[in-house]
Amino acid sequence: MNRNSKGCDIKETPLDQIKNIFLSDHLLFSDMGFVAKDIRRGYAEIFSPYNSLFSDKLGAMHRGVLVTLADTACGLAVFSALGEFAPIATVDLRVDYANPLRKGQDLEARIHCSYLGSTAAHVNGEVTAIENGCPQQVVARVTGIFAVNTPGKSFSENYQENNA
Amino acid sequence: MTNNVSTLLQDNAGKLPKDWLDSTFSKYMDITYIGKPEQESYALEFNEKFIGNPSLRAFHGGIVATFIEAVAQFHLFKNKRQLSLHTPETVTIDYLRPALSTNLVAIPEVVRIGRSVSTIAVNVYQKEKIVAKGRVIFTD
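Residues numbered from 1 in each chain as written. Chains lettered and ligands numbered in written order. Predicted model: local features only at pLDDT ≥ 70, side-chain atom pairs only at ≥ 80, totals over all residues. Heavy atoms only, no water.

Here's the deal with the overall build of chain A
And step 1. For chain A, the count of helices and strands is four helices and eight strands.
And step 2. From first element to last, N terminus to C terminus, chain A shows the α and β order β-β-α-α-β-β-α-β-β-β-β-α.
And step 3. Residue burial in chain A is summarised as follows: out of 164 residues, 53% are buried.
And step 4. Sequence-distant contacts, at least 24 apart, represent 62% of the contacts inside chain A between residues at least 6 apart.
And step 5. For chain A, the exposed area adds up to about 7,500 Å²; of that, 50% sits on carbon and sulfur atoms. (Helix = DSSP H or I, 4+ residues; strand = E, 2+ residues; numbered from the N terminus. Buried < 20%, exposed > 50% of the residue type's maximum accessible area, 1.4 Å probe, protein only. Contact = heavy atoms within 4.5 Å. Areas by Shrake-Rupley, 256 points an atom, 1.4 Å probe, with all protein chains shown as cover.)

This is the structure we're talking about:
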């Protein structure tokens, strides 16, 4: 059992729990089909399958899905660094677009939490195009700052209340 | 505000760039032009499907970022008199307040339109309080 910064016991959050609480029960994430592929302490890998309902005029996935995926993965990387679903908030997000996404390509975000302080966390990573399960070109690089230990309820408290 | 946005949706559909309206994603993100002669502005109605943090019932940061990016594209499109939407090189968003469960209004501003590099700033408000500030840079 680990202890968090307040000296409280915390449990390692298993991937299944994150999948259930954070992804499957969430309207936006289930609309976009987000799947948590790998969650380790300070690292999150989230997959978004191609969906023609979210495409741009050329038929490739719209950048809106890419940004939403990136922000989600950044949040998960912070949660996994904290080891709990403590309240957090995006303070700043920067997305640098690289190669264009092609029609039919899926997306995968791989985000690291590079710094975790008492009030803020730093994240960075990449969003990569996926074709037939194989990584292709990097489509965006992402950098973000999150406020941690913000006031309010955590994700898990909210779901526990709703599912009670 | 909700009624106004709904009413304006159809009336102003023609005032959004065709490239945007041709994307299926535009059906998911119902961005509405609510510009007045003195100021361009756009609205995004609150919808349950946009919630990021269910405990706050706040917009997901990715949806706010997408709204800012799209509005910046529309504004460059109008001011540079282009034939198609340009693709941004980079998008930077400062989230200043939680974007709670009411409509978002975005007001874009040209920082500079150059021959090769253009910068558009977009402020997003809820009930006249600023919730996010974005800077979008284009290089074509």
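Side note on the sheet that holds strand S6 (residues 106-116) of chain A
Note on sheets: strands pair through backbone hydrogen bonds, and any given pair is parallel or antiparallel.
And step 1. Taken in spatial order, the 12 strands of this open sheet run S3(A)-S4(A)-S6(A)-S7(A)-S8(A)-S5(A)-S5(B)-S8(B)-S7(B)-S6(B)-S2(B)-S1(B), and their pairing is antiparallel. The open sheet has two edge strands with one neighbour each: strand S3 (35-40) of chain A together with strand S1 (31-33) of chain B. Shown here is a sheet whose adjacent strand axes are inclined to one another by a mean of 20 degrees, direction ignored.
And step 2. As defined by bridge partners, S6 of chain A adjoins strand S7 (residues 120-131) of chain A across 10 bridges and the pair is classed as antiparallel. (Pairing = 2+ DSSP bridges. Axes fitted to C-alpha atoms, helices over the stretch in contact; angles between N-to-C directions.)

Some details on the side chain of Thr-128 of chain A
Residue and element names in this part refer to chain A.
And step 1. Relative to the assigned elements, Thr-128 resides in strand S7.
And step 2. The class for Thr-128 is buried, based on a relative accessible area of 4%.
And step 3. The residues touching Thr-128, leaving out its near neighbours within four places in the chain, are Asp-106, Leu-107, Glu-108, Arg-110, Pro-135, Gln-136, Gln-137, Val-138 and Val-139.

What about the environment of Thr-90 of chain B?
And step 1. Along the chain, Thr-90 of chain B turns up in strand S5 (residues 88-95).
And step 2. Considered as a pair, Thr-90 of chain B and Ile-137 of chain B are 47 residues apart in the sequence and their alpha carbons are 5.4 Å apart.
And step 3. With sequence-adjacent residues up to four places away left out, Thr-90 of chain B is seen in contact with Arg-94, Val-95 and Asp-96 of chain A together with Arg-135, Val-136 and Ile-137 of chain B.
And step 4. A distance of 2.5 Å separates a polar atom in the side chain of Thr-90 of chain B from a polar atom in the side chain of Asp-96 of chain A. (Polar contact = N/O pair within 3.5 Å; in protein donor to acceptor, adjacent residues only side chain to side chain.)

Here's the deal with the pattern of salt bridges
Residues and elements named next belong to chain A.
And step 1. Scanning the entire structure with this criterion turns up 12 salt bridges over all chains.
And step 2. The shortest N-O distance in the salt bridge between Arg-102 and Glu-131 comes to 3.6 Å. Within this pair, whereas Arg-102 is found in the loop between strand S5 (88-97) and S6, its partner Glu-131 is found in strand S7, the two being separated by 29 residues in sequence.
And step 3. When its relative accessible area of 43% is taken as the criterion, Arg-102 is described as partly exposed. (Salt bridge = Lys/Arg side-chain N within 4 Å of Asp/Glu carboxyl O.)

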